[in-house]
Structures are given as C-alpha cells and as structure tokens.
Amino acid sequence: MLYYKIFSHSVSKEWVVFIHGAGGSSAVWFKQLKDFREKYNLLLIDLRGHGKSADLPQQIYNEEYTFTGVTNDVIEVLDHLKTPPAHFMGVSLGTIIVRQLAELEQWRVKSLVLAGAITRLTAQSRVLVSLGNAFKRVIPYMWLYRLFAFIILPRKQHVESRNLFVREAQKLCQKEFIRWFQLTKDINPLLKYFKESDLGIPTLYVMGDQDVMFLEPVKKIIKTHKSSVLNILKKCGHVVNVERPDEFNKLSLAFIQNHHN
C-alpha cells in the first residue's frame, strides 16, 4: 500500500485528502498543513514511486502504468482507512488523479480543489512531451526533469516551487520516471473525456496568471462546467499552493467550508 500520513482533528468529521503531482511528494503541501489542521482531518498520500512510497517493492507495479491504476492505489488507501466522503485537493498532475477518482467513485468526493490544474495539453506542452518521449531512455531523467521544471516554472518567483519539485524528483529512479512519463500518451484522451463529462461536483480551480502552459484551457472548461469556479492569483506560476500559500489557503478553506454536507 502507498505511504500515507494522517493529521487527526479532535472534533471535525470532515476530511481533506491531498494528492501531489508527478515527481513531487506530499511534502509539496507543507505550507497548507498549519491552516488546514485547525479545521479538518488531513490525509496526505505519496503516489507510487514517489516520496516514501518509493520504498515499496517495485514488482507490485511491473505492469504498464495507467491513470486508473495509479488512482486505484489511492482508493486502496481510502478503503483501508474507511475514510468517509471527503474534499480532495490535487496539484499539477495530481489534479488529473483526483478527477479520475471522482469519475470512478463519485460518492467519495464532496468537493475538488485543483491547484495548477491540467485540463488540456497545449501545443507547447505537447512539444515538451514529444521531446521527453524521444529522449527519456537516453538522457538522465533529472536532466529532462530540470528542463521541464524550468520551462513550466521559468521566473524568479518560481524558484522555490521549482527547487522543491526537483529535490523530490531526485528520489525517483530512471525506470520509475519512464513509467510515469509513459502516462503522458493517455493525458489528452482522458482530459477530452473529462471536459465532456461534467460530474456536477463543486470544483475550485486555483491558477497562477503566469501559468502559461495550463491556464487558458482551464478558462475554457469553466464556461461549460457549471459547478466550477476559477480564481487566478496575480504574479504567480504553476505551483500556486507553494508560491502564494496565504491566498491559496484562504480561498480553498472558504470553498471547502461552503461545501460541507
């Protein structure tokens, strides 16, 4: 089973589940813990091959990775803990995983908070993916990862979040990086399906105005998904919860508070 960490609340019955992105770990949520622990039970999960889940026996995951398989890892933890319906928070690629979880088992999801959401691969990001696929077996993966991190998070104020992801990605091995990178071929068909399938779950998108790779597709999707709202943080890049934690926490907590059942 995946590594997970729980922060229990003495009174609250509400849960918030945090899912990080590719190459990261639950450490990416460190600026959320203090504010969220005051009001909710928290569950942080390290995805397969990431963070402390990197220590799991790799033979478990010998099959080709799929978004359904990676999402079912998370569901296994929720089943094990008998977690009630919860609020799910994802960042970057983690937003695809929590959206997939909502698709597979909608009853588990009270609301979604999607930070630096990926809802479509733009032409620029498709070029990146093509380059990565061409060189992933011949170039050390950290070279590729640092390049991608710099392209997605290029500005001076993105340095902290860029360094955090690079530091966490160093815990991956080349083989694991390749397995995760192969998921990219499934992204656009899956995201096209998500766009056409409005589950009606209250969803908050929090994006940076400097997130040149992923902001515009989010602006389009909220026009048709009536239960979704978008907040754009000024002078902020892709990893909004690290770059602008005070604003991000305030927006997210208010949204979750409004969607208690």
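The structure under discussion appears in the preceding block.
In what follows, the accompanying structure is described. Since the structure is predicted, the reported quantities are computational estimates derived from the model, not experimental observations. (Residues numbered from 1 in each chain as written. Predicted model: local features only at pLDDT ≥ 70, side-chain atom pairs only at ≥ 80, totals over all residues. Heavy atoms only, no water.)

1. As for the overall build of the protein
The test is simple: Segments assigned H or I by DSSP are reported as helices when at least four residues long, segments assigned E as strands when at least two residues long, and all are numbered from the N terminus. Only protein chains enter the accessibility calculation, which uses a 1.4 Å probe; a residue is then buried when its area is under 20% of its type maximum, exposed when over 50%, and partly exposed in between. Note on contacts: a residue pair qualifies if any of its non-hydrogen atoms lie within 4.5 Å across the two residues. All accessible areas in this document rest on Shrake-Rupley with a 1.4 Å probe, and a residue is counted as covered only by the protein chains that are shown.
Counting secondary structure elements, the protein contains eleven helices and seven strands. The buried share among the 261 residues of the protein stands at 56%. Sequence separation of at least 24 residues holds for 80% of the intrachain contacts in the protein that already meet a minimum separation of 6. Surface exposure of the protein reaches about 11600 Å², of which carbon and sulfur atoms provide 56%.

2. Some words on the packing of aromatic side chains
Spelled out, the test is: Paired rings are identified among Phe, Tyr and Trp, the last through its six-membered ring, by centres lying within 6.5 Å, and are further divided according to the angle between planes into stacked (under 30 degrees), edge-to-face (over 60) and tilted (the rest). Here, over-ring charges are defined by two tests on the NZ atom of lysine or the CZ atom of arginine: distance to the ring centre within 6 Å, and angle to the ring normal within 35 degrees.
Tallied over the full model, the rule gives two aromatic pairs. For the ring pair F18 and F36, a centre distance of 5.6 Å and an interplane angle of 80° mean the geometry is edge-to-face. Taken together, the residues F18 in strand 2 (residues 15-19) and F36 in helix 1 (residues 33-37) connect sequence positions 18 residues apart. Residue class for F36 comes out buried when judged on its relative accessible area of 0%. Each residue in the set F18, W29 and F36 is aromatic and connected to the rest through ring pairs, giving one cluster. Over the ring of Y65 we find R48, and its NZ or CZ is 4.4 Å from the ring centre.

3. Quick word on the environment of V206
Positionally, V206 belongs in strand 6 (residues 203-208). When the C-alpha atoms of V206 and N241 are compared, they prove to be 8.7 Å apart, with 35 residues separating the residues in sequence. Dropping the residues within four chain positions of it, V206 is found in contact with L114, A115, G116, N231, L233, V240, F248 and L251.

4. What to know about the environment of L33
Mapping L33 onto the fold places it in helix 1. With eleven residues separating them along the chain, L33 and L44 place their C-alpha atoms 9.8 Å apart. Those residues in contact with L33 that lie beyond four places of it in its chain are F7, L42 and L44.

5. Observations regarding the pairing of strand 6
So the rule is basically this: Any two strands between which DSSP finds at least two bridges are classified as paired.
Most of strand 6 is tucked away, with six of its six residues classed as buried. Of the two faces of strand 6, the one holding T203, Y205 and M207 and the one holding L204, V206 and G208 are both buried throughout. Examined bridge by bridge, strand 5 (residues 109-115) and strand 6 share four bridges and lie parallel to one another. Of the residues in strand 6, the one forming a bridge with V113 is L204. Alignment of strand 6 against strand 7 (residues 228-233), held across six bridges, turns out to be parallel.

6. Side note on the nonpolar core
Note on soluble globular proteins: their nonpolar side chains tend to be buried together. Condition: Buried Ala, Val, Leu, Ile, Met, Phe, Trp, Tyr and Cys residues form a nonpolar core when they are joined through side-chain atoms within 4.5 Å.
With 42 residues, the main nonpolar core has V74, F88 and I96 as its most contacted residues. In contact with V74, not counting residues within four places along its chain, are L2, I19, I45, L47, I97 and L101. Within the second largest apolar cluster, 26 residues are counted, among which are L164, V206, L233 and I256.

7. Topic: the packing of helix 2 (residues 67-81) against helix 3 (residues 93-104)
Each pair of packed helices gets described by two things: the angle between the helix axes and the distance between those axes. The condition is simple: Here an axis means a line fitted to C-alpha atoms, over the contact stretch when the element is a helix, while the angle between two N-to-C directions is reported on a 0 to 180 degree scale. An angle below 35 degrees is read as roughly parallel, one above 145 as roughly antiparallel, one from 65 to 115 as roughly perpendicular, and any other as oblique. Under the grouping applied here, Gly and all other residues not named as nonpolar or charged are polar, the nonpolar ones being Ala, Val, Leu, Ile, Met, Phe, Trp, Tyr, Cys and Pro and the charged ones Asp, Glu, Lys and Arg.
Orientation of helix 2 relative to helix 3, taken along the N-to-C sense of each, is 70°, at an axis distance of 9 Å. Taken as axis vectors, helix 2 and helix 3 run roughly perpendicular relative to one another. Residue-level inspection shows F67, T68, V70, T71, N72, V74, I75 and L78 of helix 2 in contact with helix 3, the latter providing L93, I96, I97, Q100, L101 and L104. Of the residues that constitute the contact of helix 2 with helix 3, the class distribution is ten nonpolar, four polar and no charged.

8. Looking at the pairing of strand 2
Counting buried residues along strand 2, five of its five residues qualify, which places the element largely inside the surrounding structure. Burial along strand 2 is two-sided: W15, V17 and I19 and V16 and F18, pointing in opposite directions, are all buried. Where strand 2 and strand 3 (residues 41-45) come together, five bridges link them in parallel fashion. In the strand pairing of strand 3, W15 is matched with N41.

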